[in-house]
There are 2 protein chains.
Amino acid sequence: MHITQHTDYALRVLIFLASNEHRLVTIQEISERFEISRSHLMKVVNQLIRNGFVEGLRGKGGGLRLARPPQQIAVGDVVRKMESDLALVECFTDQSRCLLTATCQLKGVLATALEAFFASLDKVPLSEVMGPAQRALLHVLKRMP
Amino acid sequence: MHITQHTDYALRVLIFLASNEHRLVTIQEISERFEISRSHLMKVVNQLIRNGFVEGLRGKGGGLRLARPPQQIAVGDVVRKMESDLALVECFTDQSRCLLTATCQLKGVLATALEAFFASLDKVPLSEVMGPAQRALLHVLKRMP
DNA sequence: TTTAAAGAGTCAACAAAAATGAATCTTTTA
DNA sequence: TAAAAGATTCATTTTTGTTGACTCTTTAAA
């Protein structure tokens, strides 16, 4: 049972962007801050952009920002979109050759459990994993003109 | 997000044993039935025995049987015991070097979701994943002297 | 209209984890 | 006491995930 580091990084990038909502942040900056190689991080960011969580502005003076306010981004959604392979066991796929398939109910039971996992994560918006200090900052900024 | 095939096999072995509660089943037989190598399956069975789900009787005429009736074995318990590494993300471990650690609440959120996953599996006893036909057989056998 | 700053994509190398099975050892009971 | 069962160890192979170099494309500022 693992979430790929890819997904882990994605969440951290989002948290970082949420903590810097008032400005554009470059991949360069994040890669330095998190001590991850730029090109590696790029792939993570890319997927975040393709999935509509982040807006990437190219060209001089460009950078990244959240596509929506952090209150409207559910952690569950991010994990679902970033984890490409959610087949918990072989028999989730079409080419299963498990000899119990006909009779066993395992697949449904595991699928239900996976839903429970995501349902739990869906309840949590990005703004709630940011940490108190950063969340407070978010409130202050909202009041500013 | 994956469960290892190891765990998958473990569940299948248990289902098979539950479907043959009235007799001893050898690893040999299971390996033939599931088309898995004997020595590989052995490791799975071994772990099942060490965790008290299965009783292994050695020597001539020996074999395997469930240590408890299938109604008393929760799927969640099996998965928990078979999956050795339940650290969803790096920061679950002690040596985490995530630079957000101090402030971010991700760890707790993911841990809660993982609990929800297992809570869902804990509700399901082995007897419920066996398939209707086999379960019916179980009832009949219970009534026999 | 050029240039530099940004993201996008491709590719190959590397590392870690999981799966597999051969060979050998131990226990036990018919 | 021999044969049938599980137990253990080890090495190999396969798969998956991680990493980063290199090159391409876009775009806004100078």
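Bear in mind the structure is a predicted one, so any value in this text is a computation, not a measurement. (Residues numbered from 1 in each chain as written. Chains lettered and ligands numbered in written order. Predicted model: local features only at pLDDT ≥ 70, side-chain atom pairs only at ≥ 80, totals over all residues. Heavy atoms only, no water.)

**Q** Can you tell me about the overall build of chain A, naming the residues and giving the values?
**A** What chain A contains, in helices and strands, is six helices and two strands. By residue count, 46% of the 145 residues in chain A fall in the buried class. In chain A, 64% of the contacts between residues at least 6 apart in sequence involve partners at least 24 apart. Carbon and sulfur atoms make up 52% of the accessible area of chain A, which totals about 7400 Å². (Helix = DSSP H or I, 4+ residues; strand = E, 2+ residues; numbered from the N terminus. Buried < 20%, exposed > 50% of the residue type's maximum accessible area, 1.4 Å probe, protein only. Contact = heavy atoms within 4.5 Å. Areas by Shrake-Rupley, 256 points an atom, 1.4 Å probe, with all protein chains shown as cover.)

**Q** Lay out the pattern of salt bridges with the relevant residues and their values.
**A** All names here are of chain A. Enumeration according to the criterion identifies nine salt bridges over all chains in this entry. The closest approach of N and O atoms between R12 and D8, which form a salt bridge, is 2.8 Å. With R12 and D8 both in helix 1 (residues 5-18), this residue pair falls four residues apart, about one helical turn. Here R12 and D8 have matching classes, each one buried. Several salt bridges share partner residues, and in doing so they unite D77, R80 and D122 into one network. (Salt bridge = Lys/Arg side-chain N within 4 Å of Asp/Glu carboxyl O.)

**Q** Would you mind going over the packing of aromatic side chains in detail, with residue names and values included?
**A** All names here are of chain A. Counted under the stated rule, the structure contains four aromatic pairs over all chains. Aromatic side chains F16 and F34 sit 5.7 Å apart centroid to centroid with 75° between the ring planes, which places their arrangement in the edge-to-face category. Within this pair, whereas F16 is found in helix 1, its partner F34 is found in helix 2 (residues 27-34), the two being separated by 18 residues in sequence. Judged by its relative accessible area of 5%, F16 is buried. (Phe/Tyr/Trp six-rings, centres within 6.5 Å; stacked < 30°, edge-to-face > 60°.)

**Q** Describe the protein's contact with DNA strand C, naming the residues involved and giving the relevant values.
**A** Near DNA strand C, the surroundings consist of 24 residues, among which A:R58, B:Q5, B:S37, B:K43 and B:R58 are the closest. A:R38 places a side-chain nitrogen or oxygen 3.4 Å from a base nitrogen of DNA strand C. The contact in question runs from a base oxygen of DNA strand C to an N or O atom on the side chain of B:K43, over 2.3 Å. Breaking the surface near DNA strand C down by element, the ones donating at least two residues are helix 3 (38-50) and strand 2 (63-66) of chain A together with helix 1 (5-18) and helix 3 (38-50) of chain B. (Near = heavy atom within 4 Å. Polar contact = N/O pair within 3.5 Å; in protein donor to acceptor, adjacent residues only side chain to side chain.)

**Q** A description of helix 1 of chain B should follow, citing residues and the corresponding values.
**A** At 3.6 residues per turn, the α-helix brings residues three or four places apart onto the same side. Residues and elements named next belong to chain B. Along its 14 residues, helix 1 runs 20 Å from first to last C-alpha, staying within 8% of the 20 Å computed at 1.5 Å per residue. Of all 14 residues that make up helix 1, 12 are buried, and the element is covered over most of its length. Three or more residues of helix 1 are buried, namely T7, D8, Y9, A10, L11, R12, V13, L14, I15, F16, L17 and A18. (Expected span 1.5 Å × (residues − 1).)

**Q** Give a detailed account of the protein's contact with DNA strand D, specifying residues and quantitative values.
**A** Around DNA strand D, the structure places 25 residues, and the nearest of them are A:Q5, A:S37, A:K43, A:R58 and B:R58. The sugar-phosphate portion of DNA strand D accounts for 71% of its atoms within 4 Å of the protein, the bases making up the rest. In the model, a phosphate oxygen of DNA strand D is placed 3.3 Å from a nitrogen or oxygen of the A:S37 side chain. Between a phosphate oxygen of DNA strand D and a main-chain N or O atom of B:I27, the distance comes to 3.1 Å. Residue contributions to the surface near DNA strand D peak at five residues, all from helix 3 of chain B.

**Q** Outline the packing of helix 2 of chain A against helix 3 of chain A, supporting the account with residue identities and numerical values.
**A** Residue and element names in this part refer to chain A. Two elements in contact, helix 2 and helix 3, have axes separated by 9 Å at closest approach and are oriented at 115°. The hand of the helix 2/helix 3 crossing is right-handed. Residue-level contacts link I27, Q28, I30 and S31 of helix 2 to R38, L41, M42 and V45 of helix 3. A per-class count over the contact of helix 2 with helix 3 returns five nonpolar, two polar and one charged. (Axes fitted to C-alpha atoms, helices over the stretch in contact; angles between N-to-C directions. Left-handed = near helix turned anticlockwise from the far one by under 90°. Nonpolar A, V, L, I, M, F, W, Y, C, P; charged D, E, K, R; others polar.)

**Q** Describe in detail the layout of surface pockets, supporting the description with residues and values.
**A** Counted as a void, the largest pocket has a volume near 370 Å³. Considering the residues around the largest pocket, the lining is formed by 15 residues, among which B:I27, B:M42, B:L57, B:R58 and B:L64 are closest to the centre. For the lining of the largest pocket, the secondary-structure elements that each account for two or more residues are helix 2 (27-34), helix 3, strand 1 (54-57) and strand 2 (63-66) of chain B. With five residues, helix 3 of chain B is the single largest residue contributor to the lining of the largest pocket. Per-class residue counts for the lining of the largest pocket are six nonpolar, seven polar and two charged. The computed volume of the second largest pocket comes to approximately 260 Å³. A:I27, A:I49, A:G56, A:R58 and A:L64 are, among the 13 residues lining the second largest pocket, the residues nearest its centre. Elements with a minimum of two residues in the lining of the second largest pocket: helix 3, strand 1 (54-57) and strand 2 of chain A. Ranked by the residues each element gives to the lining of the second largest pocket, the list is headed by helix 3 of chain A, at four residues. (1 Å grid on protein atoms, 1.4 Å probe; cavity = no way out; pocket = protein on both sides within 12 Å on 5 of 7 lines; lining within 4 Å. Points joined across faces, edges and corners; volume = space filled by probe spheres on them.)

Don't take any of this as a statement about function, it's just geometry.
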